[in-house]
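Examining the three-dimensional arrangement
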Amino acid sequence: MKQVIFATGNSSKIKRFQEGLKDKNIELLSLRDVHLTLDVEENGSTAIENALIKARACFKKTGKPSIGMDDTLYMENVPLDKQPGLFVRRVNGKSLTDEEMIQYYTSLVKEYGIDGRVNSKWIYGLAVINELGEEATYTWSKDDFYMVSEPSPIINPGYPLNSIAKYKILDKYFTDITDEDKEKIRINEDDVVAFIADHVGD
């Protein structure tokens, strides 16, 4: 089984693609799994640029196929100077805990939302570097949800905003989505899994 290092210590991000890649004979490992830390400055202007920065740093240290990922968040009606953009977890120079993120973003919804909700959009960037050092990038977005002012009592570690995000079609928190729900709204990232598998080499 081919090993690929995901340049993250976030276990939720690993789980997001782990099973799909396992089916393709690829073992996805986190930085923690390989006892590695990366000290990189994510100074790109887009999610793709930051994903490349992380993947390159990981590949340089390990020599193994590496993945970097970043995302940007946009919230309708929120002023430009308060848009999360690339800095979803970092606010006013401080890196927020999961609980602080929930508190901060629910306050934005209360201030700028309508009826306790704000239409929102994630834009993701992924970079893959294979064992030859060849790079490939992929981007996708998700806008089928809104942020709400009242959080779910359930928190997904590493993904705190799942506690205040609801799918529009179901009006149901991300944290409460079942496998049956996923079938209804066709939640899958098979295209991302396929992209990774296609570009990490044989």
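Each value, and the rule that gives it
- Counting of residues starts from 1 at the beginning of each chain's written sequence and follows it residue by residue.
- Side-chain atom pairs in this predicted model are given and counted only at pLDDT of 80 or more, local residue features only at pLDDT of at least 70, and totals for whole chains, interfaces and linings cover all residues.
- Excluded from the side-chain calculations are hydrogens and water; all other atoms, namely the structure's heavy atoms, are used.
- By convention in these notes, a salt bridge is any Lys or Arg side-chain nitrogen within 4 Å of a carboxyl oxygen on Asp or Glu.
- In this text, helices come from DSSP runs of H or I with a minimum length of four residues, and strands from runs of E with a minimum of two, each type numbered from the N-terminal end.
- Throughout this description, buried means an accessible area under 20% of the type-specific maximum (1.4 Å probe, protein chains only), exposed means over 50%, and partly exposed covers the range between.
- A pair of Phe, Tyr and Trp rings is counted when the ring centres sit within 6.5 Å of each other, with Trp represented by its six-membered ring. The angle between the planes then sorts it: under 30 degrees is stacked, over 60 is edge-to-face, the rest tilted.
- Charge-over-ring contacts are defined here by two conditions on Lys NZ or Arg CZ: a distance within 6 Å of the ring centre and an angle within 35 degrees of the ring normal.
- In what follows, residue pairs with any heavy atoms lying within 4.5 Å of each other are defined as contacts.
- The term nonpolar core refers to a set of buried residues drawn from Ala, Val, Leu, Ile, Met, Phe, Trp, Tyr and Cys, joined through side-chain atoms within 4.5 Å.
- Two strands make a pair as long as DSSP finds a minimum of two bridges between them.

1. Things to note about the pattern of salt bridges
If you walk through the whole model with that rule in mind, you get 10 salt bridges. In this structure, glutamate 42 engages lysine 54 in a salt bridge whose closest nitrogen and oxygen atoms are separated by 3.6 Å. Linking glutamate 42 in the loop between strand S2 (26-30) and helix H2 (47-62) with lysine 54 in helix H2, this pair joins segments that are 12 residues apart in sequence. On the accessibility criterion, glutamate 42 (37% relative accessible area) is partly exposed. Owing to a relative accessible area of 9%, lysine 54 belongs among the buried residues under this scheme. When the shortest N-O distance is used, the salt bridge between glutamate 100 and lysine 94 registers 2.9 Å. By relative accessible area, which is 25% here, glutamate 100 ends up partly exposed. Lysine 94 gets classed as partly exposed once you look at its relative accessible area, which sits at 43%. Because the salt bridges share partners, they merge into one network encompassing Arg117, Lys166 and Asp171.

2. A short note on the packing of aromatic side chains
Following the criterion strictly, the structure yields eight aromatic pairs and no others. Through a chain of ring-to-ring contacts, three or more aromatic side chains come together here, namely Trp122, Tyr124, Tyr138, Trp140 and Phe195. The ring of tyrosine 124 carries the charged tip of arginine 16 above its face, separated from the ring centre by 4.6 Å. One Lys or Arg, lysine 166, reaches over the ring of tyrosine 173 and ends 4.6 Å from the middle of that ring.

3. Focus on the side chain of serine 66
Within the element layout of this structure, serine 66 appears in strand S3 (residues 66-75). With a relative accessible area of 0%, serine 66 lands in the buried category. Beyond its immediate chain neighbours, meaning those up to four positions away, serine 66 contacts Val4, Ile5, Ala55, Cys58, Phe59, Ala127, Val128 and Ile129.

4. Looking at the nonpolar core
Core analysis: the biggest nonpolar cluster contains 46 residues, and Phe17, Leu73, Met75, Tyr105, Leu126, Met147 and Leu161 have the highest contact counts within it. Once you skip the residues sitting within four places of it in the chain, leucine 126 turns out to touch Ile48, Ala51, Ile67, Gly68, Met69, Ala136, Thr137, Tyr138, Trp140, Val192, Phe195 and Ile196. Judged by nonpolar contacts, the second largest core, of six residues, contains Ile5, Ala7, Leu29 and Leu36.

5. What about the pairing of strand S7 (residues 135-148)?
Looking at chain direction, strand S6 (residues 117-129) and S7 are connected through 12 bridges and run antiparallel. For tryptophan 122, the partnering residue across the bridge sits in S7 and is lysine 142. Remark: five residues form the turn of the hairpin made by S6 and S7, two consecutive strands paired antiparallel; glycine 133 in that turn has positive phi of roughly 90°. With three bridges connecting them, S7 and strand S8 (residues 165-167) associate as antiparallel partners. When the bridges of S8 are listed, methionine 147 appears paired with alanine 165.

Distances and angles like these do not, on their own, reveal function.
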